[in-house]
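# A closer look at the structure
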Amino acid sequence: MKKKMNQHEGVLSTIVNTVSSLQRYQNIFLPYLILIFVQLLILEIFYFAPRYPLNVFFGPLIKKLWGESYMHYPWNLSVFPQLFQMIQLPFYIFIGSFMVATGITVLKDINDDKKGDFGSAFRKTLGSYVHILLAACVTFALVWLFYKAFNLVHARARIIGATAGIKFYIKVFILYGAPYFNLFLGALATALTGYILPAIILDKKSVFTAALINFRIIFRTFFFTLGVAIVPYLFFAPALLLRQLISSRIIPPDMTFLVMVISVLLTVTIDAVVYTSLATSYIINKERK
Amino acid sequence: MKKLALIFSIILIAFYLVLSVVDTKGTYTAEKSLWKINTQLAKLTRDPDAVPSASFDTILKKYDRFIEKNPGSPLSTLAKIQKGQVYTIRKDNEQARKIFESILAEEPKSEPVTVLVFNQILTTYMKENNYAKMRATYDRILKNAPYTELGMRAPLLKALTYVMEKKTEQQQKALTEALTYYRSLSEQFPNTELDFFSRYFTIETLSALKRWQETLNVLESILLDFPDPRFLTEQHIKWILTRINNISINGLKDFDRPGVIYNKFITKYPNHPLNKLLTKVIGEIKTLEKKVAESNKK
């Protein structure tokens, strides 16, 4: 793994190298595999929440939040993605970010010609849990700000009254492109905070120092970092399209579960590629110094 | 890692299969089946004249199989109603009514189902222009579900069937009977939701009779006696104010009456959130009155 990457290695070659590293050193992907398993399990629980026996526990919650009709087919199919979305934030902050950090630890061990064992990486990463938690909060705060800003733009676009001409096309572009804008903003937030976790794990920095290091690196390598974050996220676009087709009823609502499964698989895999690429880039930058 | 991925996959698939199987006889599975049949029916009804009869027969068989598999379930009743609707779409109103009547004959039956079924029966008679039968059905609704929305509307709707037959005298008589009925309900259940809706329909009936002063009096009473937001919803407020303004200004040419009514409300309920709107409306009516007066002078 100790590969001295070409100083001018581009975005695509970085991503391709990361994918081949993930295939060769599968232990790096192991924390992400666990994330996939846990998320799919939660997804299944929420999918079956309106049905016996899970409705005994989830029934009152669903009725309180959405009403009785959402315990019944097919309206339940609109509820379970919302339930799943509700737990994404705490899940990412408390578990997801930790698993990403564990993956970086495995990467570091492999780079140092060690075994790269998941168990020992898990234990090593545990010591930095609080900093990892705070780093996840920083990323979330940035995502939240971006979404708020976009919501303002979205709200403004909705009140555009034009039915033809450039204003109309701007309106359509913003309203129909909203999911893709949100995807881009998520990727942008990841890019802007992508080196915090590597700094915490690889250099044992506190979250504040790691944030400074992160912004220093981004200042030097903004477009490269942005490219590494955004290119893999482009592969998520088909999942967004499928979701739009379901909400427009072009695809039957029964497909919602399958689309959500695909979304989880894609999201976690993309995160694995992005964070591993950024961590690898961090290691290379460090070795160059 | 491949071993772990396999173990995870097995756990997830097993979990999915177990939970899918555990509830096979539950409501959810039945709902899904019924939804699918209804979706197929919806596709056929887009252009029913172009659909071959065999397609409707297939749907009817699916409903029959569903009803057999789910006896006694509320969804079976819905499936029967859908079956009746299939016959209505095929213009076999007689057969449709047989099915609807069989649903009404079953015990126990809920009020929402009763109303749904009566609505379907009314639709079949409407398609045949059979107004006498429609009136008989309204009488049955009054007997079986008098305090539902359809039950409350029934006397007024019954009177309006005479309009379709152009029987003015009978219409006037029926409207007067409806008026008596609604007023008696208001007396029987004062200051309740039933009273509110009785007065609502009294207003509609008086409007149909073109008795504008009395209509205004009841509108005033409904506004003053039901200040609770449960009754004065946004929709009801809009309806009440529009009727008061239209009847006073356009009907009776009286620009002062709305202001009198609204000021009574403001005086009676000085802290009511509606007062801001009422003050605005009073101002707008005064402006309108000036404009009308000026254009009359010209």
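The sections below set out a description of the structure shown in this document. The structure displayed is predicted, hence computed values, not measured ones. (Residues numbered from 1 in each chain as written. Chains lettered and ligands numbered in written order. Predicted model: local features only at pLDDT ≥ 70, side-chain atom pairs only at ≥ 80, totals over all residues. Heavy atoms only, no water.)

### Concerning the overall build of chain A
We count it as follows: What counts as a helix is a DSSP run of H or I of at least four residues, what counts as a strand is a run of E of at least two, and both are numbered from the N terminus. The size measure is the radius of gyration over C-alpha atoms, and the globule rule it meets is 2.2 Å times the number of residues to the 0.38 power. Each residue is assigned to one of three classes by its accessible area relative to the maximum for its type, calculated with a 1.4 Å probe on protein chains only: buried under 20%, partly exposed between the two thresholds, exposed over 50%. Two residues qualify as a contact provided that any one of their heavy atoms is within 4.5 Å of a heavy atom in the partner residue. Only the protein chains shown count as cover for residues, and the accessible areas themselves come from Shrake-Rupley with a 1.4 Å probe. His is not counted, nor are the chain ends, whereas Lys and Arg count as positive and Asp and Glu as negative. Think of each charge as sitting on NZ of Lys, CZ of Arg, CG of Asp or CD of Glu.
Helix and strand counts for chain A stand at twelve helices and zero strands. Each helix (α) and strand (β) of chain A, taken in turn from the N terminus, gives the series α-α-α-α-α-α-α-α-α-α-α-α. Taken over C-alpha atoms, the radius of gyration comes to 21 Å for chain A, in line with the 19 Å a tight globule of 289 residues would show. A principal-axis box enclosing the C-alpha atoms of chain A has dimensions of 60 × 55 × 30 Å. In chain A, buried positions account for 51% of the 289 residues. Of all intrachain contacts in chain A linking residues separated by at least 6 positions in sequence, the fraction that spans at least 24 positions is 72%. Split by element, the accessible area of chain A, about 14500 Å² in all, is 69% carbon and sulfur. Separation of charge centres in chain A, based on 26 positive and 11 negative side chains, amounts to 9 Å.

### Details of the packing of helix α8 (residues 178-192) of chain A against helix α10 (residues 207-233) of chain A
Geometry of a packed helix pair, given as the angle between the helix axes and the separation of the axes. Residue and element names in this part refer to chain A. As a reminder of what qualifies: Axes here mean lines fitted to C-alpha atoms, for a helix over just the part in contact, with angles spanning 0 to 180 degrees between N-to-C directions. For any helix crossing, the convention is left-handed if the near helix is rotated counterclockwise from the far helix by under a right angle, and right-handed if that rotation is clockwise.
For the pair α8 and α10, interaxial distance at closest approach is 8 Å and the crossing angle is 145 degrees. As α8 runs across α10, the sense of the crossing is right-handed. Every residue of α10 that contacts α8 at Leu183, Phe184, Ala187, Leu188, Thr190, Ala191 and Leu192 is listed here: Asn214, Phe215, Ile218, Phe222, Thr225, Leu226, Ala229, Ile230 and Tyr233.

### Looking at the pattern of salt bridges
Where charged atoms from two side chains of opposite charge approach closely, those side chains can pair. Let me state the cut-off plainly: By salt bridge we mean one thing: a side-chain nitrogen of Lys or Arg within 4 Å of a carboxyl oxygen of Asp or Glu.
Overall, the coordinates contain 24 salt bridges over all chains when judged by the stated rule. Among the ionic pairs, Lys36(B) bridges to Asp254(A), the shortest N-O distance being 3.3 Å. Of the two residues, Lys36(B) sits in helix α2 (residues 27-44) while Asp254(A) sits in the loop between α11 (237-247) and α12 (256-288), which places them in two different chains. A residue is classified by how much of its surface remains accessible, and Lys36(B), at 38% relative accessible area, is partly exposed. Classification of Asp254(A) by relative accessible area gives partly exposed; the value is 25%. Among the salt bridges present, the one from Arg97(B) reaches Glu128(B), with a minimum N-O distance of 3.1 Å.

### Some thoughts on the packing of aromatic side chains
Residues and elements named next belong to chain B. Defined as follows: Any two of the Phe, Tyr and Trp rings considered here, Trp counted by its six-membered ring, make a pair once their centres fall within 6.5 Å; the pair's planes then place it as stacked at under 30 degrees, edge-to-face at over 60, or tilted in between.
Taken as a whole and assessed by the stated rule, the structure comprises 31 aromatic pairs over all chains. Between Tyr182 and Phe201, the ring centres sit 5.5 Å apart and the planes meet at 20 degrees, which makes this aromatic pair stacked. Of this pair, Tyr182 sits in helix α9 (residues 168-188) while Phe201 sits in helix α10 (residues 193-208); the two residues are 19 residues apart in sequence, bridging distant segments of the chain. There is no split in this pair, since Tyr182 and Phe201 are both buried. Connected via pairs of aromatic rings, a cluster forms that spans Tyr181, Tyr182, Phe196, Phe197, Tyr200, Phe201, Phe226, Phe231 and Trp239.

### Section: helix α13 (residues 256-268) of chain B
Residues and elements named next belong to chain B. Where we set the bar: One less than the residue count of a helix, multiplied by 1.5 Å, gives the span that helix is expected to have.
With 13 residues, α13 extends 19 Å from end C-alpha to end C-alpha; this agrees with the ideal 18 Å at 1.5 Å per step. Looking only at α13, the buried set comprises Arg257, Pro258, Gly259, Ile261, Tyr262 and Phe265. In this structure, the buried side of α13 is in contact with α11 (212-225), α12 (234-251) and α14 (275-297).

### Notes on α11(B)
Residue and element names in this part refer to chain B. In this model α11 runs 20 Å from its N-terminal to its C-terminal C-alpha over 14 residues, within 8% of the 20 Å that 1.5 Å per residue would give. Within the span of α11, buried status applies to Thr215, Leu216, Val218, Leu219, Glu220, Ile222, Leu223 and Leu224. On its buried face, α11 is in contact with α10, α12 and α13.

### Points about the interface of chain B and chain A
Our working rule: The term buried area denotes the loss of accessible surface (1.4 Å probe radius) that occurs when two parts are joined, taken as the sum for both partners. Think of a polar contact as two N or O atoms within 3.5 Å of one another; within protein, one of them needs to be a possible hydrogen donor and the other a possible acceptor, and neighboring residues in sequence only count if both atoms come from side chains. Each residue is assigned to one class: nonpolar for Ala, Val, Leu, Ile, Met, Phe, Trp, Tyr, Cys and Pro, charged for Asp, Glu, Lys and Arg, and polar for all the others, Gly among them.
Between chain B and chain A, the contact holds 18 residues from the first and 25 residues from the second. Of all residues in chain B, the largest losses of buried area upon contact with chain A belong to Met1(B), Leu12(B) and Tyr28(B), amounting jointly to 31% of the total for that side. Taken together, the connections running from chain B to chain A amount to five residue pairs in polar contact (both at pLDDT 80 or more). Considering each element in turn, the side of chain B that touches chain A owes the most residues, eleven residues, to helix α1 (residues 2-22) of chain B. Tallied by class, residues from the side of chain B that touches chain A come to twelve nonpolar, one polar and five charged.

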